[in-house]
Amino acid sequence: MSKEDLITATGTVIEVCSNGLFRVELEGNHIIMAHLAGKLRINNINVNNFDTVTVEMSLYDLSKGRIIYRQRRPAR
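### What to know about the sheet that holds strand 4 (residues 52-58)
Step number 1: An order of 1-2-3-5-4 is seen for the five strands of this closed barrel, with the pairing classed as mixed. With direction set aside, neighbouring strand axes in the sheet form an average angle of 50°.
Step number 2: Two strands pair when backbone bridges link them, and strand 1 (residues 6-16) and strand 2 (residues 21-26) are joined in this way by five bridges, in the antiparallel orientation. Bridge pairing links Glu15 to Arg23 in strand 2.

### A short note on the environment of Val53
Step number 1: For Val53, the location among the structural elements is in strand 4.
Step number 2: Separated by 13 residues in the primary sequence, Val53 and Arg66 place their C-alpha atoms 10.0 Å from one another.

### Some words on the nonpolar core
Step number 1: Membership of the largest hydrophobic core comes to 14 residues, with the highest contact counts inside it found for Phe22, Val24, Val53, Val55 and Ile67.
Step number 2: Looking at this core, the elements that each hand over two or more residues are strand 1, strand 2, strand 3 (31-36) and strand 4.
Step number 3: Residues in contact with Val53, not counting those within four places in the same chain, are Ala9, Thr10, Gly11, Val13, Val24, Val47, Ile67, Tyr69, Arg70 and Gln71.

### A word on unusual backbone geometry
Step number 1: Backbone geometry places Asn44, a non-glycine residue, at a positive phi of 55°.
Step number 2: On the secondary structure map, Asn44 appears in the loop between helix 1 (38-42) and strand 4.
Step number 3: Asn44 gets classed as exposed once you look at its relative accessible area, which sits at 64%.
Step number 4: Located in the positive-phi region is Phe50, a residue other than glycine, with phi close to 70°.
Step number 5: Relative to the elements of secondary structure, Phe50 occurs in the loop between helix 1 and strand 4.
Step number 6: Taking relative accessible area as the criterion, Phe50 reaches 67% and is therefore assigned exposed.

Rules behind the numbers
Residues numbered from 1 in each chain as written. Predicted model: local features only at pLDDT ≥ 70, side-chain atom pairs only at ≥ 80, totals over all residues. Heavy atoms only, no water. Pairing = 2+ DSSP bridges. Helix = DSSP H or I, 4+ residues; strand = E, 2+ residues; numbered from the N terminus. Axes fitted to C-alpha atoms, helices over the stretch in contact; angles between N-to-C directions. Core = buried A, V, L, I, M, F, W, Y, C linked by side-chain atoms within 4.5 Å. Buried < 20%, exposed > 50% of the residue type's maximum accessible area, 1.4 Å probe, protein only. Contact = heavy atoms within 4.5 Å.

These values are about where atoms sit, not about what they do.
Right, dumping it as C-alpha cells:
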C-alpha cells in the first residue's frame, strides 16, 4: 500500500484503552480505534484524553487507524 492510499484526518482522543490503543473521535463524529505509530513510541510521546491528534486510515478499513502526530497544547 502506498502513501496515496491513506486517508488523513484530525480527531480528539476520547478514551485511552489497554495495550496502546486509543478511541478517537474524528471531526464528523466518527469514532475509530487507533494505535500509536512507531516513531511516537520510540520518542516516548504521551497521548492523553482530549488531545488533538492526526490519524492515518486505510481505505479498506475505516474503523481502525494509526496516530501519526499529536498537536501541541496551547501555552497557558
